[in-house]
Amino acid sequence: MERRPGVPRLLREINDRAALELLLATGPMTRGQIGDLTGLSKVTASQTLSRLEQRGLVQVVGTQAGGRGPNAALYSVIPSSAYVAGLEVGPELVSAAVADIHGHTVAEVTFEPDGQDDLVPVVHDAIMKACRSAKIGVSRLRGVVIGTPGVVDPRTGDVRYAFDLPGWHEGSHEALAGDLKREVTIENDVNLAAIAERVDGAAKGRDDFVLLWASRGLGLAVVLGGKLHRGRSGSAGEIGYLAVPGVPLPADIRTAPGRLPSLAGGLQSLVSAEAVAELAQGYGFAAGSAGECVEVALAAGSRGEPLLDEIAHRLALGVAAVCVILDPGLVVLAGEVGHAGGTALTSRVEEAVARVCPVRPQVVTTAVTDRNPVLRGAVLAALEQARESLLRP
């Protein structure tokens, strides 16, 4: 008879993972509830919970009254069984958050990098400050994800280029991992905003959608089949380069060592924060930022409608181009301009797309209530890594 000594161990790991994932997704449960929802017998469910307790992953947090007999113990994942760190690194501010395994933020710090070009010490300082605030050691972190503008090379994990952060260079990913003595993931900031949108926002439960980020820069995140689509080189979603009617093409975008590609021209020149602010000024709505310009136009009632129509028309050029290729069904407008415009802007974009495109997607405003969706997305991505690692041998 063929011996397969690994099978019982594999089954135990599968059972442990199923119970842990269920507890993380639903909160405290009894042994019977875990058995019912996982298909495990009462004996197997008890053995599974006992193993998880021994590993310091779950604990009894109360009881639940039932029918006859004693109350049933309620089990929950211990919040401190693992921590993660999420970061957003921008040209003006760096933010870091530490969360427990349930995703509850226990510490958050924000500071100015003060022109520091080498981003390794910047990230190091951010994580150290956040961990000190959370009163935990860096060694407790089971996942670290950093959000940043720019294109991340899927082969090396490095940021190939970022207009506002020239300090990102080849080898930064490896240098960060060596400095922190743990695995580090660098991810495009708009992709992380889409992760937050799928978990906490307007795309909750949606497997196919795109998120158009209209802020200082312009970006697009593509989620297909429940997974981010990054493309072969990591450049999927660089919609700022999209050629649109009546706008010059980006000029000579070829790159050379030490040189960043130009983004003059293309869709970026129509709907970046700078372009929206300039457009608003032409309509008589001057304000401190593009988002504030949109808010002022909304408050002006009918007088602000021509500006909103023009912004929607410009956004629709990009949305229509994406939808005739991907047909995602749902488009989420986020970023400074998208958030400020609300339903008044999304309804206009939806109508404008319908006039020029055979595909009519649902266009909605971001519903992520966290004030920093990129940071929230970084935490959520780090949580996925941490939860995956909890049951590794």
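Q: For helix 9 (residues 290-299), give the residues involved together with the corresponding values.
A: What helix 9 keeps buried is the set Ala290, Gly291, Cys293, Val294 and Ala297. Burial along helix 9 is one-sided: seen end-on, the buried residues are contained in an arc of 160°. Of the residues one or two after helix 9, Gly301 is the one with positive phi, at around 65°.

Q: Help me get a handle on the layout of surface pockets, residues and values and all.
A: Put simply, the second largest pocket is a space of about 1100 Å³. Ile195, Leu380, Ala381, Glu384 and Gln385 are the residues nearest the centre of the second largest pocket, which is lined by 39 residues in total. Counting residues per element, the lining of the second largest pocket draws most heavily on helix 12 (residues 373-390), which supplies eight residues. Here the residues of the lining of the second largest pocket are counted per class, giving 17 nonpolar, ten polar and twelve charged.

Q: How would you summarise the packing of aromatic side chains if you had to cite specific residues and measurements?
A: A full pass over the atoms with the stated rule returns zero aromatic pairs. Over the ring of Phe111 we find Lys129, and its NZ or CZ is 4.1 Å from the ring centre.

Q: Outline the side chain of Asn372, listing residues and values.
A: Examined against the element boundaries, Asn372 turns out to sit in the loop between strand 15 (362-365) and helix 12. For Asn372, a relative accessible area of 12% gives the class buried. At 3.0 Å, the side chain of Asn372 and the backbone nitrogen of Leu375 are in polar contact. If we skip the residues at most four places from it in the chain, Asn372 touches Glu88 and Ser95.

Q: Tell me about the confidence of the model for the protein, residues and numbers included.
A: The pLDDT averaged across the protein works out to 89; a share of 93% of its residues lies at or above 70. Every residue in residues 1-6 is under pLDDT 50, and counting partners more than four places away or in other chains gives zero contacts. When the criterion is pLDDT under 50, residues 256-260 qualifies, and its contacts beyond four places in sequence or with other chains add up to five contacts.

Q: I'd like a description of the sheet that holds strand 3 (residues 72-77), backed by residues and values.
A: One open sheet holds the three strands; their spatial order is 1-3-2, and the pairing between them is antiparallel. Only two strands of the sheet have a single neighbouring strand rather than two, namely strand 1 (29-30) and strand 2 (58-64). Here strand 2 pairs with strand 3 via six bridges, running antiparallel. In the strand pairing of strand 3, Gln64 is matched with Ala72. Contacts from helix 3 (residues 42-54) reach strand 2 and strand 3 within the one sheet, and its direction differs from that of strand 2 by about 125°.

Q: Would you mind going over the sheet that holds strand 12 (residues 218-224) in detail, with residue names and values included?
A: Read from one edge to the other, the open sheet built from five strands follows the order 13-12-11-14-15, with strand pairing classed as mixed. A single partner strand is all that each edge strand has here, and the edge strands are strand 13 (227-228) and strand 15. With four bridges joining them, strand 11 (residues 209-214) and strand 14 (residues 330-334) adopt parallel strand pairing. Looking at the pairing, Val210 lines up with Val331 of strand 14. Against the sheet, helix 11 (residues 335-356) contacts strand 11, strand 14 and strand 15, and its axis sits at roughly 145° relative to strand 15.

Q: I'd like to hear about the nonpolar core, residue by residue, with values.
A: Buried together is how nonpolar side chains tend to be arranged in soluble globular proteins. Counting residues in each nonpolar core, the largest one holds 47 residues, and the members touching the most others are Leu20, Ile101, Phe209 and Leu211. Ranked by the residues each element gives to this core, the list is headed by helix 12, at ten residues. Look past the residues within four positions of Phe209 in its chain and what remains in contact with it is Ala194, Arg198, Ala203, Ala221, Val222, Val223, Pro328, Leu330 and Val332. Ala280, Val319, Val337 and Val353 belong to the second-largest nonpolar core, a separate cluster that totals 42 residues.

Q: I'd like to hear about the packing of helix 4 (residues 119-134) against helix 5 (residues 172-180), residue by residue, with values.
A: Between helix 4 and helix 5, the least distance of the axes is 10 Å, while the angle of their chain directions is 40°. Relative to helix 5, helix 4 is oriented oblique. The handedness of the crossing between helix 4 and helix 5 is right-handed. On helix 5, the residues that touch Leu119, Val120, Val123, His124 and Ile127 of helix 4 are Ala175, Leu176, Asp179 and Leu180. Considering only residue class, the contact of helix 4 with helix 5 consists of seven nonpolar, one polar and one charged.

Q: Explain the pairing of strand 4 (residues 83-89) to me, and be specific about the residues and the numbers.
A: Taken across its seven residues, strand 4 has six buried, putting it largely inside the fold. One ladder, built from seven bridges, connects strand 4 with strand 5 (residues 94-100); its direction is antiparallel. Paired with Glu88 across the strands is Ser95, a residue of strand 5. Here strand 4 hands over to strand 5 after four residues, the two strands then running antiparallel side by side. Relative to strand 7 (residues 141-148), strand 4 is paired through five bridges, and the arrangement is parallel. Across the sheet, the residue bridging to Tyr83 is Leu141, located in strand 7.

Scoring rules and cut-offs
Residues numbered from 1 in each chain as written. Predicted model: local features only at pLDDT ≥ 70, side-chain atom pairs only at ≥ 80, totals over all residues. Heavy atoms only, no water. Buried < 20%, exposed > 50% of the residue type's maximum accessible area, 1.4 Å probe, protein only. Helix = DSSP H or I, 4+ residues; strand = E, 2+ residues; numbered from the N terminus. Arc of directions from axis to C-beta. 1 Å grid on protein atoms, 1.4 Å probe; cavity = no way out; pocket = protein on both sides within 12 Å on 5 of 7 lines; lining within 4 Å. Points joined across faces, edges and corners; volume = space filled by probe spheres on them. Nonpolar A, V, L, I, M, F, W, Y, C, P; charged D, E, K, R; others polar. Phe/Tyr/Trp six-rings, centres within 6.5 Å; stacked < 30°, edge-to-face > 60°. Lys NZ or Arg CZ within 6 Å of the ring centre and 35° of its normal. Polar contact = N/O pair within 3.5 Å; in protein donor to acceptor, adjacent residues only side chain to side chain. Contact = heavy atoms within 4.5 Å. pLDDT = per-residue confidence, 0-100. Pairing = 2+ DSSP bridges. Axes fitted to C-alpha atoms, helices over the stretch in contact; angles between N-to-C directions. Core = buried A, V, L, I, M, F, W, Y, C linked by side-chain atoms within 4.5 Å. Parallel < 35°, antiparallel > 145°, perpendicular 65-115°, else oblique. Left-handed = near helix turned anticlockwise from the far one by under 90°.

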